[in-house]
Amino acid sequence: MSKPKAERGLADNQAEAIARNIRVSPRKLNLVAGSIRNLPASRALADLTFSKRRIAKQVKKALESAIANAENNHQLDVDKLYVKLAEVGRGIVMRRFHARGRGRSATVEKWFSHLKIVVEEREQAEKPVRDARPGFGKSAKSAGEAA
């Protein structure tokens, strides 16, 4: 007499990984998450490996977990995976105080975030919706003609 099994919220060609309570503000995490959206999984891993941002290491770990879930739990082809969704949510906020002059205090807020990454198996012929780096890949000639 157990409760019924919950239905799967994702399509059959998708897998997800969720990282909770990451110690970074959601605004900073969203910058890194935005750089990997709609990219092939291999390209997203490469971008995160060489990113200068501190949080990129934890985002890469979550992406590797989503890829492993796709391969082991849902039997998806790793070479055809794309990052469909990289969603950032607000976590808890720890409030501390900082002593100021004249006996006053100031509040220091330490933000936490949640990260949800969904990978999807697509055919290789499909192009990603956009490149993560705006304006990248355009030649100087075509950029001059547009101006």
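For the structure itself, look to the data block above.
For the structure given in this document, a descriptive report is provided here. (Residues numbered from 1 in each chain as written. Predicted model: local features only at pLDDT ≥ 70, side-chain atom pairs only at ≥ 80, totals over all residues. Heavy atoms only, no water.)

1. Thoughts on the pairing of strand S2 (residues 81-99)
Thinking step 1. Where S2 lies against strand S3 (residues 105-121), 16 bridges are found, and the strand directions are antiparallel. Bridge pairing links Arg 90 to Ser 113 in S3.
Thinking step 2. What sits between the antiparallel neighbours S2 and S3 is a turn of five residues, in which Arg 102 has the positive phi angle 60 degrees. (Pairing = 2+ DSSP bridges. Helix = DSSP H or I, 4+ residues; strand = E, 2+ residues; numbered from the N terminus.)

2. A few points about the side chain of Ser 25
Thinking step 1. Positionally, Ser 25 belongs in the loop between strand S1 (14-22) and helix H1 (26-34).
Thinking step 2. Ser 25 gets classed as buried once you look at its relative accessible area, which sits at 18%.
Thinking step 3. The residues contacting Ser 25, other than those within four sequence positions of it, are Trp 111 and Ser 113. (Buried < 20%, exposed > 50% of the residue type's maximum accessible area, 1.4 Å probe, protein only. Contact = heavy atoms within 4.5 Å.)

3. A look at the sheet that holds S3
Thinking step 1. If you walk across this open sheet you meet the three strands as S1-S3-S2, and the pairing is antiparallel. Single-partner strands in this sheet number two, and they are S1 and S2. Ignoring strand direction, the axes of neighbouring strands in this sheet form an average angle of 10 degrees.
Thinking step 2. Pairing geometry for S1 and S3, over seven bridges, is antiparallel. Pairing of Ile 18 across the sheet is with Lys 116, part of S3.
Thinking step 3. Here helix H3 (residues 56-72) sits on the sheet and contacts S1, S2 and S3; the angle it forms with S1, its principal contact strand, is near 150 degrees. (Axes fitted to C-alpha atoms, helices over the stretch in contact; angles between N-to-C directions.)

4. Some details on unusual backbone geometry
Thinking step 1. Even without being glycine, Asn 21 reaches a positive phi, approximately 55 degrees.
Thinking step 2. With respect to the helices, strands and loops of the structure, Asn 21 is situated in strand S1.
Thinking step 3. One non-glycine residue, Arg 102, lies in the positive phi region at around 60 degrees.
Thinking step 4. Here Arg 102 is to be found in the loop between S2 and S3.

5. Focus: the pattern of salt bridges
Thinking step 1. Tallied over the full model, the rule gives five salt bridges.
Thinking step 2. The closest approach of N and O atoms between Glu 16 and Lys 116, which form a salt bridge, is 3.6 Å. With Glu 16 in strand S1 and Lys 116 in strand S3, this residue pair connects regions lying 100 residues apart in the sequence.
Thinking step 3. Across the pair Lys 80 and Glu 123 runs a salt bridge whose closest N-O atoms are separated by 3.8 Å. Residue Lys 80 is found in the loop between H3 and S2, and its partner Glu 123 is found in the loop between S3 and helix H4 (140-146); the two are separated by 43 residues along the sequence.
Thinking step 4. Judged by its relative accessible area of 24%, Lys 80 is partly exposed.
Thinking step 5. Looking at Glu 123, the relative accessible area reads 47%, which means it is partly exposed. (Salt bridge = Lys/Arg side-chain N within 4 Å of Asp/Glu carboxyl O.)

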